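Fold and contact review
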Amino acid sequence: MSETFTSVPQEEAGFRERTRLSFELDADICVIGAGLAGLSIALEAARLGASVAVLEGRHIGWNASGNQLGTVMPGFALPLTELIERIGYEDARELWTLSKEGAEFVRANATEENMPGITPSDGVLEVSNVDTGDRLISRLQMLHEDFDTDVEGWQVDRVRDVLKTPRYFHGIYYPRAFQIDGRKYVHGLAALAKRAGARIFEDTPVVSIDSSGVRKRIVTPSARLRASHIVLAGNIHLGAPLRRLSETLLPVWRYAAVTEPLGERLAEIITFRGSVTDSDGIDHFRIVDGDRLMWASPETTWDARPHRFASAIARRIATIFPQLGKVAISDVFGGAVGLTVHGMPQIGQLRRGLWVASGFGRQGLNTSAMAGQLIARSILWGDERWRLFSPFELVWAGGATGRVAGHLIGMWGRGSSAAAGALARYREGARVRERVREARLAEANRQAGTRPPPRRRPPSAPPPVRPQPPAPGEARESGPVVPSQESEKLRDGSV
Ligand SMILES: Cc1cc2nc3c(=O)[nH]c(=O)nc-3n(C[C@H](O)[C@H](O)[C@H](O)COP(=O)(O)OP(=O)(O)OC[C@H]3O[C@@H](n4cnc5c(N)ncnc54)[C@H](O)[C@@H]3O)c2cc1C
């Protein structure tokens, strides 16, 4: 039987025997954290010839990295226009290119040969909750012409042809974005890193570091390690080794579910086979295992049991695709992502030999891969491109108050985009109703042999301008003359 998204083997889910660090060790690079970030760095550095030790407090992929949806797109959480405003066009372009290289790093690793059952497939559709044709066109132009990214703009009809819901309007299709079995990828990455020579120790929390000397010291409850470089890739759970760093992240727990098989009705309602994300970052889903839906949506700023969100996700699916009826949920999972105040990941060197790779937020696959490449290549080759991240400093996320504020802002953001979506759908409905009314009226007039009354002016439209007789001696302007209401009525014969 082929392995599927819903059947992560037990040993991958953390039930296998783990190697704990219980002896003194020397390495070139010590990476703290075996999530996507830590393992990408370990893999790249080991491939470049460094001796690498990864210390993981729990098990590989324990948090977000082992519980994500596997959608790989270019870019960052920070919208491109804001990125350009912040650092200028040239640097934004370079960062964007790096983010694409990060995605290609994932693609190159996630082959069936390297990671059996990873099932890569192309194509991601970003849909809009509101009617934003104009904004879409300028974004498409920017992505395609200025940022050299393959994109297609989809009109509303095309989006609704593949996703049968009135909730979504236009879309941007990324043919080179792709998806993989996200929960398998982190374990595949660990296997590749080990094969390249990295050593991974689980159940080995780092409790303190001394990064002052050339050879740095790393302390765990049962052993000590010395290394020339330490990479902090512990995300929001880093804790004691550098608490101030954890405090620059706003933790957000995101939850996802996989439904029971939904049968043929799913294929009638969703014919798009890649991942779908909405532009407000609320819903993210795709079909897995032929006829199940995998769907991420709810978020909290506190750690809750994912199973509590099964019915919320089922309700959300019913809101977007009511034709599916009641869906049963077979699995719920989730993890904490670390959001930064500025929306960009934290990648760089804090002091000589002390590196940070965190804050990857909801888009961690391409960005953590990019961090892996940048940090490993800087340590081993002297590549200084990580400095492009220097404008994005470590900003305190506001502690407990920041979490409450973050939650309220998140709720407000989701609420206001839901309201904007409802308004867009209302306007669309009103336009359709108006067209139907006009068609009926025209038909009634045709049958009665009468002419239709003049079109009613929408209340918001400015009153028509009456042509003023030219003042004596003043020349009349050329160009179309706007008819007065009277002349229109007379021509219509409706008075
Ligand atoms: C439901 C969900 C869906 C998602 N879907 C996508 C998606 O489709 N595409 C995408 O690009 N991104 C997605 N993401 C985001 C992505 O998963 C994260 O951005 C990414 O996993 C972050 O990786 P990380 O290595 O920084 O952190 P983590 O996964 O948190 O890994 C950090 C590791 O460090 C360890 N650690 C911490 N402190 C210590 C210490 N002191 N000593 C030893 N070990 C320590 C932790 O135990 C942990 O295992 C999703 C996230 C969630 C929750």
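Now for a look at the structure at hand. As the structure is a computational prediction, the values presented were derived from the model and not from experiment.

**Concerning the overall build of the chain**
- The number of helices and strands found in the chain is 13 helices and 17 strands.
- By the burial criterion, 50% of the 495 residues in the chain qualify as buried.
- In the chain, the share of contacts with a sequence separation of at least 24, taken over all contacts with a separation of at least 6, comes to 74%.
- Of the roughly 24,400 Å² of accessible surface on the chain, a fraction of 53% belongs to carbon and sulfur atoms.

**With respect to the environment of Gly 182**
- Mapped onto the secondary structure, Gly 182 falls in helix 7 (residues 182-195).
- Under the relative-accessibility criterion, Gly 182 is labelled buried at 0%.
- Remark: the alpha-carbon pair of Gly 182 and Asn 67, spanning 115 residues in sequence, is separated by 7.1 Å.

**As for the site of the ligand**
- Of all residues adjacent to the ligand, which total 37 residues, the nearest are Glu 56, Asn 63, Ser 65, Gly 361 and Leu 365.
- Take Thr 71: an N or O atom from its main chain is 2.9 Å from a nitrogen atom of the ligand.
- Take Asn 235: an N or O atom from its side chain is 2.9 Å from an oxygen atom of the ligand.
- Each residue belonging to the shell around the ligand can be placed in one class, and the counts come to 16 nonpolar, 18 polar and three charged.

**Observations concerning the nonpolar core**
- By size, the foremost hydrophobic cluster in this structure holds 71 residues, and its most contacted members are Val 52, Leu 83, Leu 95, Tyr 185, Ile 347 and Phe 389.
- By size, the runner-up hydrophobic cluster in this structure holds 28 residues, among which are Leu 163, Leu 262, Leu 324 and Val 327.

**Details of unusual backbone geometry**
- Its identity is not glycine, yet Asp 203 carries a phi of approximately 50°, on the positive side.
- By the secondary structure assignment, Asp 203 is in the loop between strand 7 (199-201) and strand 8 (208-210).
- We classify Asp 203 as partly exposed; its relative accessible area is 24%.
- Although it is not a glycine, Asn 235 adopts a positive phi angle of roughly 55°.
- Secondary-structure assignment places Asn 235 in the loop between strand 10 (224-232) and helix 8 (243-246).

**Examining the packing of aromatic side chains**
- Counted by the stated rule, this structure contains 12 aromatic pairs.
- Geometrically, the ring pair formed by Phe 76 and Phe 389 is edge-to-face, given 6.3 Å between the ring centres and 75° between the ring planes. One end of the pair, Phe 76, is in the loop between strand 3 (71-72) and helix 3 (80-87); the other, Phe 389, is in the loop between helix 11 (365-381) and helix 12 (399-448), with 313 residues separating them in the sequence.
- For Phe 76, a relative accessible area of 9% puts it in the buried group.
- Taking NZ or CZ as reference, Arg 160 lies 4.9 Å from the ring centre of Phe 169, over its face.

**What to know about the side chain of Glu 202**
- For Glu 202, the location among the structural elements is in the loop between strand 7 and strand 8.
- Using a relative accessible area of 3% as the deciding quantity, one classes Glu 202 as buried.
- Of note is the side chain of Glu 202, whose polar atom sits 2.7 Å from the backbone nitrogen of Ile 60.

**Remarks on the pairing of strand 13 (residues 284-288)**
- Within strand 13, five of the five residues are buried, leaving the element largely enclosed by the surrounding structure.
- In this sheet, strand 13 lies alongside strand 12 (residues 275-278) in antiparallel orientation, the contact comprising two bridges. Across the sheet, the residue bridging to Thr 277 is His 284, located in strand 13.
- Taking the residues between adjacent antiparallel strands as the criterion, strand 12 and strand 13 are bridged by five residues, where Gly 281 takes a positive phi near 70°.
- Where strand 13 lies against strand 14 (residues 292-300), five bridges are found, and the strand directions are antiparallel. Considered in strand 14, the bridge of Arg 286 is made with Met 294.
- Counting the residues between successive antiparallel strands, the hairpin from strand 13 to strand 14 contains three residues, one of them, Asp 289, with a positive phi of roughly 55°.

**Concerning the packing of helix 2 (residues 36-47) against helix 11**
- Orientation of helix 2 relative to helix 11, taken along the N-to-C sense of each, is 40°, at an axis distance of 8 Å. Put simply, helix 2 runs oblique to helix 11. Relative to helix 11, helix 2 is oriented so that their crossing is right-handed. Contacts between helix 2 and helix 11 involve Leu 36, Ala 37, Ser 40, Ile 41, Glu 44 and Ala 45 on the former and, on the latter, Leu 365, Ser 368, Ala 369, Ala 371, Gly 372, Gln 373, Ile 375, Ala 376, Arg 377 and Leu 380.
- Here the residues of the contact of helix 2 with helix 11 sort into 10 nonpolar, four polar and two charged.

**Examining empty space enclosed by the protein**
- Scanning the model with the defined rule gives two cavities of 30 Å³ or more in all.
- For the largest cavity, the calculated volume is near 40 Å³.
- For the lining of the largest cavity, the secondary structure elements donating two or more residues are helix 4 (89-109) and helix 11.
- Counting residues per element, the lining of the largest cavity draws most heavily on helix 11, at four residues.
- Its residues assigned to classes, the lining of the largest cavity shows three nonpolar, one polar and three charged.
- Considering only enclosed or pocket space, the second largest cavity measures out at about 30 Å³ in volume.
- Together, Leu 232, Ala 233, Gly 234, Asn 235, Leu 238, Leu 245, Ser 246, Leu 249 and Ser 358 line the second largest cavity.
- Here the lining of the second largest cavity is built from residues that sort into five nonpolar, four polar and no charged.

Calculation rules
Residues numbered from 1 in each chain as written. Predicted model: local features only at pLDDT ≥ 70, side-chain atom pairs only at ≥ 80, totals over all residues. Heavy atoms only, no water. Helix = DSSP H or I, 4+ residues; strand = E, 2+ residues; numbered from the N terminus. Buried < 20%, exposed > 50% of the residue type's maximum accessible area, 1.4 Å probe, protein only. Contact = heavy atoms within 4.5 Å. Areas by Shrake-Rupley, 256 points an atom, 1.4 Å probe, with all protein chains shown as cover. Near = heavy atom within 4 Å. Polar contact = N/O pair within 3.5 Å; in protein donor to acceptor, adjacent residues only side chain to side chain. Nonpolar A, V, L, I, M, F, W, Y, C, P; charged D, E, K, R; others polar. Core = buried A, V, L, I, M, F, W, Y, C linked by side-chain atoms within 4.5 Å. Phe/Tyr/Trp six-rings, centres within 6.5 Å; stacked < 30°, edge-to-face > 60°. Lys NZ or Arg CZ within 6 Å of the ring centre and 35° of its normal. Pairing = 2+ DSSP bridges. Axes fitted to C-alpha atoms, helices over the stretch in contact; angles between N-to-C directions. Parallel < 35°, antiparallel > 145°, perpendicular 65-115°, else oblique. Left-handed = near helix turned anticlockwise from the far one by under 90°. 1 Å grid on protein atoms, 1.4 Å probe; cavity = no way out; pocket = protein on both sides within 12 Å on 5 of 7 lines; lining within 4 Å. Points joined across faces, edges and corners; volume = space filled by probe spheres on them.

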